[in-house]
Amino acid sequence: MRIDIITVSPELIKSPFEHSIIKRAIDKNFVEIHFHDLRKYALNKYGKIDDYQFGGGAGMVLMIEPIDKCISALLTQREYDEIIYMTPDAKMLNQQTANNLSTLKNIIILTGHYKGVDQRVRDRFITKEISIGDYVLSGGELAAAVLSDAVIRLIPGVLGDETSALTDSFQDNLLAPPVYTRPAEYKGMKTPGILLSGNFPEIDQWRHEEAIKRTQSIRPDLLKNDKELK
Ligand code: 6GU
(Lines give C-alpha, C1' and ligand atoms only; values in the text may rest on other atoms or scores of the structure.)
Protein backbone atom coordinates (compact mmCIF):
# COMPACT_ATOMS: atom_id res chain seq x y z
CA MET A 1 0.00 0.00 0.00
CA ARG A 2 1.09 3.57 -0.69
CA ILE A 3 -0.22 6.57 1.27
CA ASP A 4 0.44 10.14 0.06
CA ILE A 5 -0.25 12.72 2.73
CA ILE A 6 -0.72 16.34 1.66
CA THR A 7 -0.26 18.77 4.53
CA VAL A 8 0.81 22.28 5.49
CA SER A 9 2.73 20.83 8.47
CA PRO A 10 4.75 17.78 7.41
CA GLU A 11 6.84 17.99 10.60
CA LEU A 12 3.73 17.76 12.77
CA ILE A 13 2.62 14.49 11.25
CA LYS A 14 5.88 12.60 10.74
CA SER A 15 6.70 11.30 14.19
CA PRO A 16 3.82 8.80 14.59
CA PHE A 17 5.28 6.97 11.58
CA GLU A 18 8.72 6.69 13.17
CA HIS A 19 7.90 4.31 16.01
CA SER A 20 6.73 0.85 16.89
CA ILE A 21 4.39 -1.15 14.65
CA ILE A 22 3.97 1.55 12.01
CA LYS A 23 7.72 2.07 11.64
CA ARG A 24 8.19 -1.69 11.29
CA ALA A 25 5.45 -1.84 8.65
CA ILE A 26 7.31 0.82 6.66
CA ASP A 27 10.73 -0.82 7.18
CA LYS A 28 9.31 -4.15 5.96
CA ASN A 29 7.73 -2.49 2.90
CA PHE A 30 4.15 -3.31 3.79
CA VAL A 31 3.42 0.38 3.31
CA GLU A 32 5.09 3.45 1.80
CA ILE A 33 4.31 6.89 3.20
CA HIS A 34 5.04 10.04 1.20
CA PHE A 35 4.58 13.50 2.70
CA HIS A 36 3.86 16.47 0.47
CA ASP A 37 4.31 19.99 1.79
CA LEU A 38 1.51 22.08 0.33
CA ARG A 39 3.68 25.19 0.53
CA LYS A 40 5.89 23.77 -2.22
CA TYR A 41 2.89 24.23 -4.52
CA ALA A 42 2.26 27.80 -3.37
CA LEU A 43 1.25 30.55 -5.77
CA ASN A 44 4.13 32.87 -4.91
CA LYS A 45 7.59 32.83 -3.38
CA TYR A 46 6.15 33.73 0.03
CA GLY A 47 4.41 30.37 0.11
CA LYS A 48 0.86 31.70 -0.04
CA ILE A 49 -1.62 28.83 0.18
CA ASP A 50 -4.61 30.36 1.96
CA ASP A 51 -6.83 33.42 1.77
CA TYR A 52 -9.84 35.11 3.36
CA GLN A 53 -13.19 33.50 2.74
CA PHE A 54 -15.62 35.10 0.33
CA GLY A 55 -18.58 36.57 2.12
CA GLY A 56 -16.53 37.55 5.13
CA GLY A 57 -15.93 35.84 8.46
CA ALA A 58 -12.97 34.85 10.57
CA GLY A 59 -10.44 32.24 9.49
CA MET A 60 -8.38 31.49 6.44
CA VAL A 61 -9.32 28.97 3.76
CA LEU A 62 -6.84 26.80 1.86
CA MET A 63 -6.94 27.82 -1.80
CA ILE A 64 -7.75 25.38 -4.58
CA GLU A 65 -4.78 26.08 -6.84
CA PRO A 66 -1.90 24.69 -4.73
CA ILE A 67 -4.00 21.64 -3.84
CA ASP A 68 -4.93 21.12 -7.50
CA LYS A 69 -1.25 21.29 -8.48
CA CYS A 70 -0.23 18.79 -5.84
CA ILE A 71 -3.03 16.27 -6.43
CA SER A 72 -2.79 16.59 -10.22
CA ALA A 73 0.96 15.90 -10.07
CA LEU A 74 0.29 12.72 -8.07
CA LEU A 75 -2.45 11.64 -10.48
CA THR A 76 -0.01 11.79 -13.40
CA GLN A 77 2.15 9.23 -11.57
CA ARG A 78 -0.42 6.56 -10.68
CA GLU A 79 -4.08 5.83 -10.09
CA TYR A 80 -5.53 6.36 -6.63
CA ASP A 81 -8.29 4.26 -5.09
CA GLU A 82 -9.42 7.04 -2.75
CA ILE A 83 -8.61 10.73 -2.23
CA ILE A 84 -9.56 11.35 1.38
CA TYR A 85 -10.10 14.71 3.08
CA MET A 86 -9.76 14.82 6.87
CA THR A 87 -12.36 17.19 8.30
CA PRO A 88 -14.58 17.34 11.38
CA ASP A 89 -17.66 17.96 9.17
CA ALA A 90 -17.72 14.41 7.81
CA LYS A 91 -18.81 10.91 8.76
CA MET A 92 -16.88 9.42 11.63
CA LEU A 93 -14.09 6.88 11.23
CA ASN A 94 -14.86 3.37 12.43
CA GLN A 95 -13.23 -0.05 12.26
CA GLN A 96 -15.21 -1.10 9.18
CA THR A 97 -13.88 1.88 7.24
CA ALA A 98 -10.33 1.13 8.41
CA ASN A 99 -10.74 -2.48 7.27
CA ASN A 100 -11.95 -1.41 3.83
CA LEU A 101 -9.16 1.13 3.35
CA SER A 102 -6.52 -1.43 4.38
CA THR A 103 -7.26 -3.44 1.22
CA LEU A 104 -6.48 -0.53 -1.14
CA LYS A 105 -3.31 0.04 -3.12
CA ASN A 106 -2.87 3.82 -3.36
CA ILE A 107 -4.58 6.51 -1.33
CA ILE A 108 -4.13 10.26 -0.89
CA ILE A 109 -4.96 11.91 2.42
CA LEU A 110 -5.46 15.69 2.35
CA THR A 111 -5.37 17.41 5.71
CA GLY A 112 -7.14 20.71 6.23
CA HIS A 113 -6.13 23.62 8.40
CA TYR A 114 -7.63 26.95 9.47
CA LYS A 115 -11.24 27.07 8.23
CA GLY A 116 -10.68 24.16 5.89
CA VAL A 117 -10.36 24.00 2.11
CA ASP A 118 -12.22 25.73 -0.69
CA GLN A 119 -15.40 23.69 -1.30
CA ARG A 120 -14.41 23.21 -4.95
CA VAL A 121 -11.48 21.01 -3.83
CA ARG A 122 -13.99 18.74 -2.13
CA ASP A 123 -16.33 18.77 -5.12
CA ARG A 124 -13.63 18.09 -7.71
CA PHE A 125 -11.05 15.83 -6.11
CA ILE A 126 -12.21 14.26 -2.89
CA THR A 127 -13.76 10.77 -2.98
CA LYS A 128 -14.18 10.26 0.77
CA GLU A 129 -14.34 12.60 3.78
CA ILE A 130 -13.51 11.37 7.26
CA SER A 131 -13.72 12.84 10.76
CA ILE A 132 -12.16 11.10 13.75
CA GLY A 133 -14.72 12.32 16.29
CA ASP A 134 -17.10 14.99 17.47
CA TYR A 135 -14.54 17.55 18.61
CA VAL A 136 -12.38 20.03 16.73
CA LEU A 137 -8.61 19.71 16.30
CA SER A 138 -6.41 22.60 15.17
CA GLY A 139 -5.67 20.77 11.95
CA GLY A 140 -6.25 17.48 10.18
CA GLU A 141 -2.67 16.25 10.64
CA LEU A 142 -3.22 14.33 13.86
CA ALA A 143 -6.43 12.92 12.41
CA ALA A 144 -4.52 11.73 9.32
CA ALA A 145 -1.98 10.04 11.60
CA VAL A 146 -4.81 8.34 13.50
CA LEU A 147 -6.43 7.13 10.27
CA SER A 148 -3.10 5.89 8.87
CA ASP A 149 -2.29 3.97 12.05
CA ALA A 150 -5.73 2.34 12.15
CA VAL A 151 -5.37 1.27 8.50
CA ILE A 152 -1.70 0.22 8.41
CA ARG A 153 -1.93 -2.18 11.35
CA LEU A 154 -4.64 -4.09 9.45
CA ILE A 155 -2.50 -4.80 6.39
CA PRO A 156 -1.90 -8.59 6.42
CA GLY A 157 1.55 -9.36 7.88
CA VAL A 158 1.97 -6.07 9.72
CA LEU A 159 0.95 -7.48 13.09
CA GLY A 160 3.18 -10.35 14.14
CA ASP A 161 0.32 -12.46 15.43
CA GLU A 162 -2.14 -12.55 12.54
CA THR A 163 -5.08 -13.15 14.82
CA SER A 164 -4.50 -10.22 17.09
CA ALA A 165 -6.14 -7.62 14.87
CA LEU A 166 -9.17 -9.90 14.70
CA THR A 167 -9.65 -9.79 18.47
CA ASP A 168 -9.37 -6.00 18.75
CA SER A 169 -12.14 -3.94 20.20
CA PHE A 170 -14.68 -3.11 17.46
CA GLN A 171 -13.55 -5.79 15.04
CA ASP A 172 -16.84 -7.59 15.76
CA ASN A 173 -18.64 -4.41 16.92
CA LEU A 174 -17.85 -5.33 20.54
CA LEU A 175 -15.49 -3.72 23.03
CA ALA A 176 -12.54 -5.90 24.07
CA PRO A 177 -12.92 -8.03 27.23
CA PRO A 178 -10.73 -7.45 30.32
CA VAL A 179 -7.16 -8.79 30.21
CA TYR A 180 -4.82 -9.84 33.04
CA THR A 181 -1.15 -10.79 33.36
CA ARG A 182 1.20 -11.85 36.15
CA PRO A 183 1.00 -11.81 39.09
CA ALA A 184 -2.24 -13.79 39.30
CA GLU A 185 -2.97 -12.04 42.59
CA TYR A 186 -1.81 -8.53 43.51
CA LYS A 187 -2.54 -6.90 46.88
CA GLY A 188 -5.58 -9.12 47.26
CA MET A 189 -6.89 -8.39 43.74
CA LYS A 190 -7.43 -11.67 41.93
CA THR A 191 -7.41 -12.71 38.30
CA PRO A 192 -10.71 -14.42 37.41
CA GLY A 193 -10.13 -18.16 37.96
CA ILE A 194 -11.45 -19.13 34.54
CA LEU A 195 -8.43 -17.45 32.86
CA LEU A 196 -6.08 -19.70 34.87
CA SER A 197 -8.08 -22.87 34.20
CA GLY A 198 -6.54 -23.89 30.89
CA ASN A 199 -10.05 -24.64 29.57
CA PHE A 200 -9.85 -22.68 26.33
CA PRO A 201 -13.39 -23.15 25.02
CA GLU A 202 -14.69 -21.85 28.36
CA ILE A 203 -12.18 -18.99 28.33
CA ASP A 204 -13.40 -17.98 24.85
CA GLN A 205 -16.99 -18.12 26.08
CA TRP A 206 -16.13 -16.02 29.17
CA ARG A 207 -14.34 -13.42 27.06
CA HIS A 208 -17.27 -13.17 24.68
CA GLU A 209 -19.71 -12.69 27.55
CA GLU A 210 -17.49 -10.04 29.17
CA ALA A 211 -17.19 -8.24 25.84
CA ILE A 212 -20.97 -8.13 25.52
CA LYS A 213 -21.39 -6.94 29.13
CA ARG A 214 -18.83 -4.18 28.65
CA THR A 215 -20.38 -3.11 25.37
CA GLN A 216 -23.89 -3.08 26.85
CA SER A 217 -22.74 -0.93 29.72
CA ILE A 218 -20.40 1.53 27.95
CA ARG A 219 -21.39 1.57 24.26
CA PRO A 220 -24.89 0.09 23.84
CA ASP A 221 -25.10 1.92 20.50
CA LEU A 222 -22.59 -0.54 19.03
CA LEU A 223 -24.98 -3.43 19.53
CA LYS A 224 -27.62 -1.74 17.39
CA ASN A 225 -25.85 -0.15 14.50
CA ASP A 226 -23.91 -1.19 11.48
CA LYS A 227 -22.15 2.09 10.94
CA GLU A 228 -20.17 1.65 7.77
CA LEU A 229 -18.96 4.97 6.38
CA LYS A 230 -20.19 5.52 2.85
CL1 6GU B 1 -10.39 15.01 10.53
N2 6GU B 1 -9.90 17.42 11.49
C3 6GU B 1 -10.00 18.36 12.43
N4 6GU B 1 -9.41 19.54 12.23
N5 6GU B 1 -10.65 18.19 13.57
C6 6GU B 1 -11.22 17.00 13.75
C7 6GU B 1 -11.16 15.97 12.81
C8 6GU B 1 -10.48 16.21 11.67
N9 6GU B 1 -11.84 14.92 13.28
C10 6GU B 1 -12.29 15.30 14.48
N11 6GU B 1 -11.94 16.54 14.76
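Residues numbered from 1 in each chain as written. Predicted model: local features only at pLDDT ≥ 70, side-chain atom pairs only at ≥ 80, totals over all residues. Heavy atoms only, no water.

Is there a simple way to think about the side chain of Ser-131 in this case?
You can see Ser-131 is positioned in strand β7 (residues 128–131). Assessed through its relative accessible area of 3%, Ser-131 is described here as buried. Beyond its immediate chain neighbours, meaning those up to four positions away, Ser-131 contacts Thr-87, Pro-88, Ala-90, Lys-91, Met-92 and Leu-93. (Helix = DSSP H or I, 4+ residues; strand = E, 2+ residues; numbered from the N terminus. Buried < 20%, exposed > 50% of the residue type's maximum accessible area, 1.4 Å probe, protein only. Contact = heavy atoms within 4.5 Å.)

Is there a simple way to explain unusual backbone geometry in this structure?
Leave glycine aside and you will find that most residues have negative phi; peptide bonds, for their part, are mostly trans. Pro-183 follows Arg-182 through a cis peptide bond whose omega is 0°. Note that Pro-183 resides in the loop between α6 (141–152) and β8 (185–186).

What is the right way to read the sheet that holds strand β2 (residues 32–37) from this model?
The strands that make up a sheet pair up through hydrogen bonds in the backbone, lying either parallel or antiparallel. What the five strands build is an open sheet, ordered β2-β1-β6-β5-β7; its pairing is parallel. Each having just a single partner strand, β2 and β7 make up the two edges of the open sheet. Adjacent strand axes in the sheet meet at a mean angle of 30° when their direction is disregarded. Of the pairings in the sheet, the one linking strand β1 (residues 2–7) to β2 comprises six bridges and is parallel in character. Each bridged residue has a counterpart across the sheet, and for Ile-5 the counterpart in β2 is Phe-35. Strands in contact with helix α3 (residues 64–77) are β1, β2, β5 (82–92) and β6 (106–111); relative to β1, the strand with the most contacts, it is inclined by about 165°. Relative to the sheet, α6 contacts β1, β2, β5, β6 and β7, its axis offset from that of β6 by approximately 155°. (Pairing = 2+ DSSP bridges. Axes fitted to C-alpha atoms, helices over the stretch in contact; angles between N-to-C directions.)

Is there a simple way to explain the site of the ligand in this structure?
Close to the ligand lie 13 residues; Thr-87, Ile-132, Gly-133, Tyr-135 and Leu-137 are nearest. One of the side-chain N or O atoms of Ser-131 is found 3.4 Å from a nitrogen atom in the ligand. Taking 290 Å² as the accessible area of the ligand by itself, protein coverage stands at 95%. Elements that contribute at least two residues to the shell around the ligand include exactly β5 and β7. Among the elements that line the shell around the ligand, the one with the most residues is β5, at three residues. For the shell around the ligand, the residue count by class is eight nonpolar, five polar and no charged. (Near = heavy atom within 4 Å. Polar contact = N/O pair within 3.5 Å; in protein donor to acceptor, adjacent residues only side chain to side chain. Areas by Shrake-Rupley, 256 points an atom, 1.4 Å probe, with all protein chains shown as cover. Nonpolar A, V, L, I, M, F, W, Y, C, P; charged D, E, K, R; others polar.)

Teacher, can you tell me more about the domain arrangement of the protein chain here?
How big an interface is tends to be stated in terms of accessible area lost as the parts join. Examined at the domain level, the protein chain breaks down into domain 1 (2–152) and domain 2 (169–229). Residue-level contacts link twelve residues of domain 1 with five residues of domain 2. Counting each side, the surface lost to burial between domain 1 and domain 2 is near 660 Å², with a carbon and sulfur contribution of 47%. When the area that domain 1 buries against domain 2 is broken down by residue, the three leading residues are Lys-91, Asn-94 and Gln-95, summing to 49%. Inspection of the domain 1/domain 2 interface yields zero salt bridges. Linking domain 1 with domain 2 are zero residue pairs in polar contact (both at pLDDT 80 or more). Where the side of domain 1 that touches domain 2 is concerned, the elements lending two or more residues are β5, α4 (95–101) and β7. (Domains from an automatic or database assignment. Buried area = accessible area lost by both parts, 1.4 Å probe. Salt bridge = Lys/Arg side-chain N within 4 Å of Asp/Glu carboxyl O.)

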